[in-house]
2 protein chains.
Amino acid sequence: MDLKAYLNKYQSFLDEALLSSFASDAVPARLREAMNYSLKAGGKRVRPVLAFATAEALGAAPQKVLPLAVALEMIHTFSLIHDDLPAMDDDDLRRGKPTNHKVFGEATAILAGDALLAEAFFVLTQLEGVEPRCIVEVVHDVAVASGARGMTGGQQLDLDATGKVNSTAELEQIHRFKTGALLQVPVTASAKLCGASTQELAKLTNYGAAVGLAFQIADDVLDVTGTIEEIGKDVGSDRDNHKSTYVDLLGIDGAKAKAKSLVQEALLAIQGFDAKADGLRALARYIIERKG
Amino acid sequence: MDLKAYLNKYQSFLDEALLSSFASDAVPARLREAMNYSLKAGGKRVRPVLAFATAEALGAAPQKVLPLAVALEMIHTFSLIHDDLPAMDDDDLRRGKPTNHKVFGEATAILAGDALLAEAFFVLTQLEGVEPRCIVEVVHDVAVASGARGMTGGQQLDLDATGKVNSTAELEQIHRFKTGALLQVPVTASAKLCGASTQELAKLTNYGAAVGLAFQIADDVLDVTGTIEEIGKDVGSDRDNHKSTYVDLLGIDGAKAKAKSLVQEALLAIQGFDAKADGLRALARYIIERKG
């Protein structure tokens, strides 16, 4: 399987939908510009690609989960914009470009993040060809994954824990909230939209949980070993902010080994799926092999 | 009709539901504390009461729209927390108490706002006794009213326009986005949940639009004429921030007259409703007679 072509295909598919999201005048120009600036800044589109690959694994068309994919990328982008704010991580660079508030100012950056979060739920209501009951369930799952019970809660745990995390169990709890929830929901929500059976959903849930944590650990490793060109943000920025990482607790080799074992766990979870799940398998491996 | 008792009844009904929202440990303690701090800071609960009064006008139980009322108060509270941030209006006082970031710090205040917005959509999925299709429609309407196509978009227009607004038409456009959308949606979404006919919905939509704008104009008047005890925030803060208000453009008497004529318009829109709509009628009058 040509992973690069696979990623490119779905990234383009997503980008086309993202670009047309705010074509209308319904959104004030300056705000639209700020939202689009960060949405178009690139990125790996991991969450959307996970949603598409899950649809594929279940024999469904990727179109079916396109609004979910767009919504999740909006939520991810919102979190990056707010994370970069001076009051948060105070980062000047993101994906090799000036951060949103450096270009548009803090006030507009705050609003652009807020608007992307609200817009994500707007987009979810555009899901078609599924039972309304299922859309409501997906809205529920996405709200849980992005709010106080998920990503935003994890960011607070991260703030609270700065310089104080002593065990991998504690760090794992933070990351299950902070990044895990929004990496698992592309898989589980996509599975629900594509009519997965209870058994399939359980397997994919385990896949999503393992992949989500592996992704975070790989990020911690990259934060230390990557170059600024590869990862597009300041190398070692987590360390500068005195945040505990898996590398601090396990060392580079230990962290790499843990990520690898989680990827094995993810592959095991979906071993009963046929070749249509090869995309999910390739993505799991990509997570620990990527350079940025 | 005893308006004070009417407001108290519904305010208590709402507060009880708000208090139990985050009882669980699913939300990290510090974040929960920050969210609750602003949710419990009081306020007039105008949006929830509008939703309840609309249900009443249509002969439905207020319980039916309780999740909508809770969600809208969460979104309103989120907007206040972010509005008060140093990068936005930089306010130290809100409802007579220190603003969220003064108590919890800017980072947590940003996250508390984000989390309240996401939680609002979580709460909407708990609507019961209505068609899932209708819940999806309400999620859509609330997302539009709160995001780039509504309130958040209006805040950007307000930023863009600082010191530059020359006509009431321009100011009206800003406020239709900034405050109008989130004051209209309690009425229209509640009407949908309570099975309003197309004709009833059209009338209530006109009521909501007129009341929403009247509310903002009355706020502008209070910002100049109110005392700090009455309105619980710094008097004249809009003026300090060089924001154009209806008072700047129309004078105090002109602004009062415009608000009054909008309230007449609101009353006219629902004149075909029976006595069950007396709550909506009293609320329309309250908007221009309140002192804070």
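Residues numbered from 1 in each chain as written. Chains lettered and ligands numbered in written order. Predicted model: local features only at pLDDT ≥ 70, side-chain atom pairs only at ≥ 80, totals over all residues.

## Some details on the overall build of chain A
The secondary structure content of chain A amounts to 14 helices and two strands. For 292 residues, the compact-globule formula gives about 19 Å, and the C-alpha radius of gyration of chain A, at 18 Å, lands near that figure. With the principal axes as the frame, chain A shows a C-alpha extent of 50 × 45 × 35 Å. Burial analysis of chain A (292 residues in total) assigns 57% to the buried set. Within chain A, contacts between residues separated by at least 24 positions form 72% of all contacts whose residues are at least 6 apart in sequence. (Helix = DSSP H or I, 4+ residues; strand = E, 2+ residues; numbered from the N terminus. Rg over C-alpha atoms; globule rule 2.2 N^0.38 Å. Buried ≥ 20, exposed ≤ 12 C-beta atoms within 10 Å, placed from the backbone. Contact = placed C-beta atoms within 7 Å.)

## Quick look at the environment of Pro132 of chain B
Structurally, Pro132 of chain B is set in helix H7 (residues 132–146). C-beta crowding within 10 Å serves as the criterion here: with 16 such atoms nearby, Pro132 of chain B is assigned to the partly exposed category. Every residue in contact with Pro132 of chain B, bar those within four places of it in the chain, is listed here: Pro132, Arg133 and Val136 of chain A.

## Re the relation of the copies chain B and chain A
The relation between the two chain copies is a rotation about an axis coupled with a shift along that axis. Note on the identical chains: chain B maps onto chain A by a rotation of 180° and an axial translation of 0.0 Å, with an RMSD of 0.0 Å. Here the transformation between the copies is reduced to the relation of a two-fold axis. Judged by C-alpha distance, Pro132 of chain B is the residue of chain B that lies nearest the rotation axis, at 2.7 Å. Mapped onto chain A, 100% of the interface residues of chain B are again interface residues, and the two copies thus contact each other with one and the same surface. (Least-squares fit on C-alpha atoms with pLDDT ≥ 70 in both.)

## Focus: the nonpolar core
Grouped together as the largest cluster of nonpolar side chains are 203 residues, with contacts concentrated most on Leu68, Leu124 and Ala214 of chain A together with Leu68, Leu124 and Ala214 of chain B. Not counting chain neighbours up to four residues away, the residues in contact with Leu124 of chain A comprise Pro67, Leu68, Ala71, Ile135, Val138, Val139 and Val142 of chain A. (Core = buried A, V, L, I, M, F, W, Y, C linked by C-beta atoms within 7 Å.)

## Quick look at the confidence of the model for chain A
Looking at chain A as a whole, the pLDDT averages 91, with 93% of positions reaching at least 70. Both scores are available for the predicted complex, with the pTM at 0.95 and the ipTM at 0.94. (pLDDT = per-residue confidence, 0-100.)

## Quick look at unusual backbone geometry
Although it is not a glycine, Arg45 of chain A adopts a positive phi angle of roughly 55°. Checked against the element boundaries, Arg45 of chain A lands in the loop between helix H2 (29–39) and helix H3 (46–57). With phi around 55°, Asp90 of chain B is a residue other than glycine that occupies positive phi space. Within the fold, Asp90 of chain B resides in the loop between helix H4 (66–83) and strand S1 (93–94).

## Topic: the interface of chain B and chain A
With 42 residues of chain B in contact, the opposing surface of chain A contributes 42 residues. In terms of residue count, helix H6 (residues 106–124) of chain B provides more of the side of chain B that touches chain A than any other element does, twelve residues in total. Among the residues making up the side of chain B that touches chain A, the classes are represented as 25 nonpolar, ten polar and seven charged. (Nonpolar A, V, L, I, M, F, W, Y, C, P; charged D, E, K, R; others polar.)

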